[in-house]
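# Coordinate inspection notes
Listed here are the chains, written in short residue letters.
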Amino acid sequence: MIAERIQVIEQKIKGRARLIAVTKTKPVAMLQEAYEAGARLFGENKVQEMAEKQPQLPGDIDWHLIGHLQSNKVKYIAPFVSLIHSIDSLKLLQEVNKQALKNGRVIDCLLQIHVADEETKFGMLAEEAEALLRSETLNDLQNVRIVGLMGLATNTDDEEQIRREFRGLKQLFDKLATIQTAQVQFSELSMGMSGDYEIAVEEGSTLVRVGSAIFGAR
Ligand SMILES: *Cc1c(COP(=O)(O)O)cnc(C)c1O
């Protein structure tokens, strides 16, 4: 069942983006099943849940933190996380840098951009993201690398609105990708979930985050 669902999604993506299996709230047995079906990128939205599951699963999994991250929790995932999708402030990035340094690592991060037409979704404005990428302070953070952007479209049935939001995020990505420093090297655009990943891939996503379409409703 999980294997078939992954296969269907991979066929629709056709190698244009990589699939992150979003495993939040799901038991380790289901993650193991996805692993056996070939999944190697796993996404969790809570630090504690990810830190509990990680040691119970094979070591060649890439763990993606996709949910809101509080500075005081970075230390629990810094030893192993492969990409943090939800950086929304310089302060948070400074803490990730500090914990990455402690672990002798460089941690890849995405800036989360607010694109949805909803107050509740986290993320930075385009101008804030650009200011962060151009800030002098970033040069001191040698244990982080900003490799792109993440965004969540509005939760709506209006496909044209979703497409417009993804297209806007891709345009911002292309603009900010011209900034290239030791700490800024854009290659990933994380957009698309179960309901909208096909639109996201058409609009240039490189990482889709799919949960319920693989594992069923939460
Ligand atoms: C839960 C979650 C997803 C996956 O959502 P589905 O609709 O189940 O595919 C993707 N991105 C983020 C940030 C999430 O929290």
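Taking an unreviewed UniProt entry as the reference, the protein chain is identified by name as Pyridoxal phosphate homeostasis protein belonging to Spirosoma oryzae. The record in UniProt for the protein chain states the following under Sequence similarities (unreviewed entry): "Belongs to the pyridoxal phosphate-binding protein YggS/PROSC family."

## Re the layout of surface pockets
The computed volume of the second largest pocket comes to approximately 170 Å³. Taken together, Asn 45, Lys 46, Val 47, Gln 48, His 68, Leu 69, Gln 70 and Lys 73 form the lining of the second largest pocket. Its residues assigned to classes, the lining of the second largest pocket comprises two nonpolar, four polar and two charged.

## Regarding the environment of Val 147
By the element assignment, Val 147 lies in strand E6 (residues 144–151). The exposure class assigned to Val 147 is buried, which follows from its relative accessible area of 4%. Note: C-alpha distance between Val 147 and Phe 166 (19 residues apart in sequence) is 18 Å. Apart from residues lying up to four places away in sequence, Val 147 is in contact with Leu 83, Asp 108, Cys 109, Leu 110, Gln 185, Phe 186, Ser 187 and Glu 188.

## Some details on helix H7 (residues 159–176)
Spanning 18 residues, H7 covers 26 Å between terminal C-alpha atoms, matching the ideal 26 Å at 1.5 Å per step. Along H7, the residues classified as buried are Gln 161, Ile 162, Arg 163, Glu 165, Phe 166, Leu 169, Leu 172, Phe 173 and Leu 176. In the core, the buried residues of H7 are packed alongside strand E5 (107–113), helix H6 (126–134), E6, strand E7 (184–190) and helix H8 (197–202). The backbone nitrogen of Glu 160 lies 3.1 Å from a side-chain oxygen of the residue at the head of H7, namely Asp 158.

Conventions we followed
Residues numbered from 1 in each chain as written. Predicted model: local features only at pLDDT ≥ 70, side-chain atom pairs only at ≥ 80, totals over all residues. Heavy atoms only, no water. UniProt positions renumbered as here; feature names shortened; annotations may be inferred. 1 Å grid on protein atoms, 1.4 Å probe; cavity = no way out; pocket = protein on both sides within 12 Å on 5 of 7 lines; lining within 4 Å. Points joined across faces, edges and corners; volume = space filled by probe spheres on them. Nonpolar A, V, L, I, M, F, W, Y, C, P; charged D, E, K, R; others polar. Helix = DSSP H or I, 4+ residues; strand = E, 2+ residues; numbered from the N terminus. Buried < 20%, exposed > 50% of the residue type's maximum accessible area, 1.4 Å probe, protein only. Contact = heavy atoms within 4.5 Å. Expected span 1.5 Å × (residues − 1). Polar contact = N/O pair within 3.5 Å; in protein donor to acceptor, adjacent residues only side chain to side chain.

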